[in-house]
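Spelled out from the first residue to the last, the chains are:
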Amino acid sequence: MLNKIIQFSIENKLIIGIATIFLIGYGIYETKKLPIDAVPDITDNQVQVITISPALGAPDVERLITFPIEQTNSNIPGLKQIRSFSRFGLSVVTIVFDDAVDVYWARQQVTERLQEVQDQIPKGFGKPELAPVTTGLGEIYQYAVRPKKGYENKYDATQLRTIQDWIVRRQ
């Protein structure tokens, strides 16, 4: 079988050449249509609920705030997972949905359930709020600190790092 393919290729060089050029052209055409991101978003489809309650310790935050929010949101269609952490004065509940679920629909469902859960949280212990619509990539920001033209020889790499650490980062 392999010998027949090789023999056909040798005897029909023009056909093989045209087919090769066609495949290369088609590959280039399809590559240009390919939706490629420089940094693809691989994070889950999620909604975060944040509640600030400075008067409560971690066990009370868990019992009075985090647990009711988790229970109220546990039956949303398309729900994949619920993660949370409770710290002194802070409750963060992350509700993860399937990738097919629209993030705005998911936020609407969580908002409706937060209306119910506000009656279960004692007055004065915080109000659950949705975090902004962001992904894990929203936390990535890259930049470079370079001297202006004419000042290239004034700053070395150590001085630029010091400027980054003590001036730029604090701003």
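The text that follows walks through the structure, step by step, so that each part is easy to find. (Residues numbered from 1 in each chain as written. Predicted model: local features only at pLDDT ≥ 70, side-chain atom pairs only at ≥ 80, totals over all residues. Heavy atoms only, no water.)

1. A closer look at the environment of F85
For clarity, the threshold we go by: Here a strand is any run of E in DSSP of at least two residues, a helix any run of H or I of at least four, and the numbering for each starts at the N terminus. Should any heavy atoms of two residues lie within 4.5 Å, those residues are considered in contact.
With respect to the helices and strands, F85 occurs in strand β2 (residues 79-87). When the C-alpha atoms of F85 and A58 are compared, they prove to be 9.1 Å apart, with 27 residues separating the residues in sequence. The residues touching F85, leaving out its near neighbours within four places in the chain, are L90, S91 and V92.

2. Some details on the sheet that holds strand β1 (residues 45-52)
For clarity, the cut-off: For two strands to pair, DSSP has to find at least two bridges joining them. Lines are fitted to the C-alpha atoms to define the axes, a helix being fitted only along its stretch in contact, and any angle between axes, read from their N-to-C directions, falls within 0 to 180 degrees.
Here four strands make up an open sheet; going across it, the order is β2-β3-β1-β4 and the pairing antiparallel. This sheet does not close on itself; its edge strands, each paired only once, are β2 and β4 (129-130). Summarising the sheet, β1 and strand β3 (residues 90-97) pair through eight bridges and their orientation is antiparallel. Counterpart to N45 in the pairing with β3 is F97. Where helix α3 (residues 58-72) meets the sheet, its contacts fall on β1, β2 and β3, and the angle it forms with β2 comes to roughly 160 degrees. Sitting on the sheet, helix α4 (residues 103-117) is in contact with β1, β3 and β4, with an inclination near 30 degrees to β1.

Read these as layout, nothing more, since geometry by itself doesn't imply function.
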